[in-house]
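# Structure at a glance
Listed below, chain by chain, are the residues.
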Amino acid sequence: MVLSKAAMYVVWVFVIIKTATEAAVYNQSAFVICRDILGISKRSYDILLRLVWVVVATLVAMYIPFFGDLTAITGALSVTPLSFVYPVFFWNCKHKHDAPKWRIRFHYVFIAVWVTFGTAALVGAIWSLIINLRSKQ
C-alpha cells in the first residue's frame, strides 16, 4: 500500500513533533527530515531552520498547558518500546535459531521488566496530569 503525498506529509509532521518533544538525541533526525522535505542543501538555511525550530519549540513549551505531563505520557508510550522492547524483540526474531536459549529467555525477561517500567511511567504521568488538572480548576 502506497500513501498519497498529502498523507506522507501528515506522517512526517507527526514524526517531527514526536522527535522534537521526546529527547534531544532525536532532534538531529528531525532536522534531517525537515531539510529533506524542504529541499534545503545550503548550510546557512540549515542553521536558520534550527533557529526557527528552537524558537517554535520554546513557544510551544511555554504556551501549551501541561506540556511536561503530555511529553511524559508520549515518552512512556513510545521511548520505552522504541529503545528497549522492539530492538531486543527483533534481535530475538532474527537470531532465534542461532542464539543460546538462555539468552533468548533473558531477553524476554528484559522486555518484561522494561514494559513494567514503561507502564509504571505511563500510570505516573497520567496521575500527575490528573493532579495538575484538578489543582488548576
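Residues numbered from 1 in each chain as written. Predicted model: local features only at pLDDT ≥ 70, side-chain atom pairs only at ≥ 80, totals over all residues. Heavy atoms only, no water.

The subject of this paragraph is a nonpolar patch on the surface. On the surface, Tyr 45, Leu 48, Leu 51, Val 52, Val 55, Val 56, Leu 59, Val 60, Met 62, Tyr 63, Ile 64 and Leu 70 cluster together into a nonpolar patch covering about 1100 Å² of accessible area. Looking at the nonpolar patch, the element that brings in the most residues is helix α3 (residues 43–63), giving 10 residues. In this fold, Val 52 is placed in helix α3. (Patch = residues over 30% accessible without salt bridge, like charges linked within 9 Å, V, L, I, M, F, W, Y side chains within 5 Å. Areas by Shrake-Rupley, 256 points an atom, 1.4 Å probe, with all protein chains shown as cover. Salt bridge = Lys/Arg side-chain N within 4 Å of Asp/Glu carboxyl O. Helix = DSSP H or I, 4+ residues; strand = E, 2+ residues; numbered from the N terminus.)

To continue, consider the nonpolar core. Counting six residues, the largest nonpolar core consists of Ala 30, Phe 31, Cys 34, Ile 40, Leu 49 and Trp 53. Those elements that provide at least two residues to this core are α2 (27–38) and α3. The biggest single contributor to this core is α2, with three residues. Excluding residues that lie within four positions of it along the chain, Leu 49 makes contacts with Phe 31, Cys 34, Arg 35, Leu 38 and Ile 40. (Core = buried A, V, L, I, M, F, W, Y, C linked by side-chain atoms within 4.5 Å. Buried < 20%, exposed > 50% of the residue type's maximum accessible area, 1.4 Å probe, protein only. Contact = heavy atoms within 4.5 Å.)

Summed over the entire model, instances satisfying the criterion amount to six aromatic pairs. A connected cluster of aromatic rings, assembled from ring pairs, spans Phe 84, Phe 110, Trp 114 and Phe 117. (Phe/Tyr/Trp six-rings, centres within 6.5 Å; stacked < 30°, edge-to-face > 60°.)

Here Asn 92 is to be found in helix α4 (residues 67–95). Apart from residues lying up to four places away in sequence, Asn 92 is in contact with Ile 104, His 107 and Tyr 108.

This part is about the confidence of the model for the protein. In regions of low pLDDT, the predicted coordinates are not meant to be interpreted in detail. Mean pLDDT for the protein: 79, with 85% of residues reaching 70 or above. When pLDDT is averaged over each element of the protein, helix α5 (residues 101–136) comes out on top at 89 and helix α1 (residues 5–22) at the bottom at 70. (pLDDT = per-residue confidence, 0-100.)

This part is about α5. Here α5 is 36 residues long and its end C-alpha atoms lie 52 Å apart, about the 52 Å a rise of 1.5 Å per residue gives. Residues of α5 that are buried include every one of Ile 104, His 107, Ile 111, Gly 118, Ala 125 and Leu 129, and no others. Against the buried residues of α5 lie α4. (Expected span 1.5 Å × (residues − 1).)

Moving on to the packing of α4 against α5. Relative orientation of the contacting elements α4 and α5 amounts to 170°, with a least axis distance of 8 Å. Judged by the inter-axis angle, α4 sits roughly antiparallel to α5. Tallied by class, residues from the contact of α4 with α5 come to 21 nonpolar, seven polar and two charged. (Axes fitted to C-alpha atoms, helices over the stretch in contact; angles between N-to-C directions. Parallel < 35°, antiparallel > 145°, perpendicular 65-115°, else oblique. Nonpolar A, V, L, I, M, F, W, Y, C, P; charged D, E, K, R; others polar.)

Structurally, Thr 74 is set in helix α4. Classification of Thr 74 by relative accessible area gives partly exposed; the value is 31%. In the structure, Thr 74 is positioned 48 residues away from Leu 122 in sequence and 8.4 Å away in space, judged by C-alpha atoms.

Okay, the environment of Ser 83 next. Note that Ser 83 resides in helix α4. Ser 83 gets classed as partly exposed once you look at its relative accessible area, which sits at 32%.

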